[in-house]
Structures are given as C-alpha cells and as structure tokens.
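The chain contents come next:
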Amino acid sequence: QVQLVESGGGLVQAGGSLRLSCVASGRASRSYTMGWFLLAPGKLREFVAAIAWSWSGNSPDYADSVKGRFTISRDNDKNTVYLQMNSLKPEDTAVYYCSASPKLRCTVYGCVNYWGQGTQVTVPS
C-alpha cells in the first residue's frame, strides 16, 4: 500500500507560478513512477507529468499542453515529488492528483495504482 498526500494548490493569477508537492509513504514507494494528473470540470482525468525512479535512466514525461511550463522532479530521500508550474493559464484550473504506478512509464489513467486526495489549482481568467 502506498499513501500519497498533496499540498501546494491555491489561487494564482495568470502568468504566475505554483509548486505542488506530494509526499509518498508505504512499501516500495521509492521504486514507483510518480506523476500528476488533473481533473477539470466536465472533463476526464488527464495526464500532466510523470517521473520514474532516478536510477531508471528515463526522462520525465509531459503532456503537450504543459511542456516548457511545468517541471516534475522527485527527492527520493524525502519520498516527495514536486510539480513546478510556471506561466499558469486559466485552462490549467483543475484539481491536481498525485499518482503512483509500479510501471516504468505511466501516462494514462489505467496504469496508476494509487492516488492522492487532490489539490485545487485555480487560475482566474
């Protein structure tokens, strides 16, 4: 079992920045691929970014909509994954969910084994 707790959401003006954090606990959490998905009103949960364990050699994955604006990173010593969100847009408004998967690459809803409770990000238009 892996537990995920997110923090860092909030309200920010367009063009601003936020950093989301997700602390993982539980067996083997350090070997899981960690990621972020978003759920916007009226839409399905969408992939945002994911990062495998540091010794995998894999580069992080990003959704096209956030490439160049968002950066995912992880600190295995702290069992924490971060999502640095820059140049935020109103269309980034959503609940952001931390995810954990035993798969080396996980960019779709179906490969996620564990979810956090979500944190709201609001970018007014």
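All of these numbers come straight from a predicted model, not from anything done at the bench. (Residues numbered from 1 in each chain as written. Predicted model: local features only at pLDDT ≥ 70, side-chain atom pairs only at ≥ 80, totals over all residues. Heavy atoms only, no water.)

Participant: Mind laying out the state of the cysteines, listing which residues take part and the relevant values?
Facilitator: Here the structure, examined in full by the defined rule, presents 2 disulfides. In this model, cysteine 22 is linked to cysteine 98 through a disulfide, with the two sulfur atoms separated by 2.1 Å. Judged by the torsion about the S-S bond (-85°), the cysteine 22/cysteine 98 disulfide is left-handed. Of this pair, cysteine 22 sits in strand 3 (residues 18-26) while cysteine 98 sits in strand 9 (residues 94-101), and the two are 76 residues apart along the sequence. Side by side, cysteine 22 and cysteine 98 carry an identical accessibility label, which is buried. Here cysteine 106 is linked by a disulfide to cysteine 111, with a sulfur-sulfur distance of 1.9 Å. Looking along the S-S bond of the cysteine 106-cysteine 111 disulfide, the torsion reads about 100°, which is the right-handed sense. Here cysteine 106 and cysteine 111 have matching classes, each one buried. Should the bonded cysteines of the protein be numbered as they appear in the sequence, the pairing reads 1-2, 3-4. (Disulfide = S-S within 2.5 Å. Helix = DSSP H or I, 4+ residues; strand = E, 2+ residues; numbered from the N terminus. Buried < 20%, exposed > 50% of the residue type's maximum accessible area, 1.4 Å probe, protein only.)

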